[in-house]
Amino acid sequence: MTTISRDMTNWPSADTLNEWDRNHQLHPWAAMDAWQESDYHPIERAEGIYLWDADGKRYIDGPGGMWCVQIGYGRKEMATAIADQVLRLPYTSPWTTTTDPSTLLAKKIADLAPGDLNNVFFTTGGSTAVDTALRTMHFMNNAMGRHNKKIVIAREKGYHGSTYLASTVTGKERDKSRFDVEDRLVRFLPDVNPYTRPEGMSVADWCDAKVADLENMIAEVGPENVGAFIAEPILCSGGVIIPPQGYHQRTHGLCKKHDILYISDEVVTAFGRLGHWFASQEVFGIVPDIITCAKGLTSGYLPLGACIISDAVMERMTGPNENVLFSNGYTYSAHPVCCVAALKNIEIMEEERILEHVREITPHFQRRLRALERFPIVGDVRGMGLLACIQGRPDTPGTSLAVERKLGALLDEACDKRGLLVRPLINMAVFSPPLIISVAQVDEMFDLLEEALEEVSTAMASD
């Protein structure tokens, strides 16, 4: 058996590693007709907002990992905190023990979260945080004798994860899938993207229509059957879709009226992406019943998620009449090393005033984004905080998926060769760079985007 060591005299060649990767590693969202034929970026190292591949080429990390590398790469203080905890206590069972890191982090998150969201259940990531939120709704309604109040209302284009319950409430995509979901549990509302509104309709009228979609769905299903409404403040993986102003507050009001739990999926928007610890109250003016978070909680250094539950929900779940276990959990719930990473991440963000930096740099970031509307192949640009999406123009009814994918692939390729990574989503490119990005680096990123759009505009015009 080959012994793997970082000693470069013993390290496999790039070709060997590529072969092993193709033959043995099944990547997320792999194309199953060619899963052993795709080449993935062989990233060797990272620092700040940059990545370097095996050939030494430098890239700006436009997606910030997967919307998560808030404090940037290569933080030695993070490595030290993680290593110290590994040596002190790498693991202990969350079923029968507790640790200082998990207790301190639970208290810190409760202090940062809005309203009465004071109860933190640690998970392994965003998908399991969403699963926990939905199971909490099931548990609560069963405890209250409301056994039919289980339907979840979700939204097209919403993404909530890839575990069974989380994928069930994830909005339908145009990609083919052979995975099963629990269709009996969910109802989907139509797209809330103002860009898709009928010609001549105002944004205010669009908001009225989208709120009416929820109201009508509740009436159709019956409020006695609807347990939760789950919503990302911004539908990030759906293409950085920002619902119209006032939408969140009005849908939250409908949920309160009909005693429906409002679950805010802040896996992307929490921990600074919009310049606040949580976006639900500070940006959108609501206090949900449950918030899910992950990603920026540790800046991607280690996997960790959290389901934050309000005192009001906890009171309805507990009582003297039944001795019932909350039998939900994971082997790595409240993992002490991951919790230390989250504590250090929050400490860095506080000491370096990263939230304030995001709020200061956002206007320039968004101005540079809006300037891309001048390109003829760009149909829409949208964003908030350090979130952005460029949507290609070939999006009229009847446009083939192949044509839309071509535009996205061309833009991805043009950016890649210039040293900029973006995340292509059919005919869109989304990006969410590390929150430590400077004004000069924002300009560097958008300069490369403009060059890439020039190239793709020429290529699409010649077809």
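For the structure itself, look to the data block above.
The notes below deal with the structure included here. Note on numbering: residues in each chain are counted from 1, in written sequence order. Side-chain atom pairs in this predicted model are given and counted only at pLDDT of 80 or more, local residue features only at pLDDT of at least 70, and totals for whole chains, interfaces and linings cover all residues. By convention in this description, side-chain values take in all heavy atoms of the structure and omit both hydrogens and water.

### Let's talk about helix H12 (residues 354-370)
To be explicit about the condition: Every helix listed is a DSSP run of H or I at least four residues long, and every strand listed is a run of E at least two residues long, numbered separately from the N terminus. In a helix, the anticipated span is given by 1.5 Å times the number of residues less one. The angle between axes fitted to the seven-residue stretch ending at a residue and the seven-residue stretch beginning at it gives the bend at that residue. Any two residues having at least one pair of non-hydrogen atoms within 4.5 Å are treated as being in contact.
Helix length check: H12 (17 residues) gives 24 Å between terminal C-alpha atoms against 24 Å at 1.5 Å per residue, within 8%. The principal kink in H12, of about 40°, is found at isoleucine 361, preceding the proline proline 363 by one to four residues. In this structure, the buried residues of H12 make contact with helix H11 (336-351), strand S11 (378-384), strand S12 (387-392), strand S15 (428-431) and helix H14 (439-462).

### Brief notes about the sheet that holds strand S13 (residues 420-421)
Our working definition: Criterion used throughout: strands pair if DSSP finds at least two bridges between them.
In space, the 4 strands of this open sheet follow the order S1-S2-S3-S13, with mixed pairing throughout. Edge positions in the sheet fall to strand S1 (43-47) and S13, since each has one partner strand and no second.

### Digging into unusual backbone geometry
For serine 299, which is not a glycine, the phi torsion comes out positive at approximately 55°. The topology assignment puts serine 299 in the loop between strand S9 (290-293) and strand S10 (305-310). Backbone geometry at isoleucine 426 places phi at a positive 55°, although glycine is not the residue there. With respect to the helices and strands, isoleucine 426 occurs in the loop between strand S14 (423-425) and S15.

### A few points about the side chain of threonine 99
Inspection of the secondary structure assignment puts threonine 99 in the loop between helix H3 (76-88) and helix H4 (100-112). Excluding residues within four positions of it along the chain, threonine 99 makes contact with Leu89, Thr92 and Pro336.

### Concerning the packing of aromatic side chains
Rules: Each pair of aromatic rings taken from Phe, Tyr and Trp, with Trp reduced to its six-membered ring, is defined by centres within 6.5 Å and is described as stacked if the planes are under 30 degrees apart, edge-to-face if over 60, and tilted in the remaining cases. For each residue, the accessible area found with a 1.4 Å probe, counting protein chains only, is set against the maximum for its type, and the residue is called buried under 20%, exposed over 50%, and partly exposed in between. Definition used: whenever NZ (Lys) or CZ (Arg) falls within 6 Å of the ring centre and also within 35 degrees of the ring normal, the charge is taken to sit over that ring.
Under the criterion given, the structure shown has 11 aromatic pairs. With centroids separated by 5.4 Å and ring planes inclined at 70°, the aromatic side chains of phenylalanine 139 and phenylalanine 326 adopt a geometry described as edge-to-face. Taken as a pair, phenylalanine 139 in helix H5 (residues 126-143) and phenylalanine 326 in the loop between helix H10 (311-317) and H11 lie far apart in primary sequence, 187 residues in all. Look at phenylalanine 326 and you get partly exposed, because its relative accessible area is 28%. Here the aromatic rings of phenylalanine 365 and phenylalanine 446 are separated by 5.3 Å at their centres, their planes lie at 75°, and the arrangement is edge-to-face. Within this pair, whereas phenylalanine 365 is found in helix H12, its partner phenylalanine 446 is found in helix H14, the two being separated by 81 residues in sequence. Across the pair, phenylalanine 446 and phenylalanine 365 agree in class, each one buried. Connected via pairs of aromatic rings, a cluster forms that spans Phe121, Phe139 and Phe326. Just above the ring of tryptophan 52 sits the side chain of arginine 45; from NZ or CZ to the centre is 4.0 Å. Positioned over the ring face of tryptophan 206 is lysine 210, at 4.4 Å from the centre of the ring.

### Thoughts on the packing of H4 against H11
Rules: Inter-axis angles, ranging from 0 to 180 degrees, are taken between N-to-C directions of lines fitted to C-alpha atoms, where helices are fitted over the stretch in contact. For this classification, under 35 degrees means roughly parallel, over 145 means roughly antiparallel, 65 to 115 means roughly perpendicular, and everything else is oblique. Helix crossings are classified by the rotation of the near helix relative to the far one: an anticlockwise turn of less than a right angle makes the crossing left-handed, while a clockwise turn makes it right-handed. Residues are sorted three ways: Asp, Glu, Lys and Arg are charged, Ala, Val, Leu, Ile, Met, Phe, Trp, Tyr, Cys and Pro are nonpolar, and all the rest, Gly among them, are polar.
Running from N to C, H4 and H11 cross one another at 45°; their axes reach a closest spacing of 8 Å. Comparing the axis directions of H4 and H11 gives the class oblique. Judged by the twist between their axes, the crossing of H4 over H11 is left-handed. Between H4, through Pro101, Ser102, Leu104, Leu105, Lys108 and Leu112, and H11, the contact on the second element is made entirely by Pro336, Cys339, Val340, Ala342, Leu343, Ile346 and Glu350. Taken together, the residues of the contact of H4 with H11 sort by class into 10 nonpolar, 1 polar and 2 charged.

Shape descriptors only; they carry no functional weight alone.
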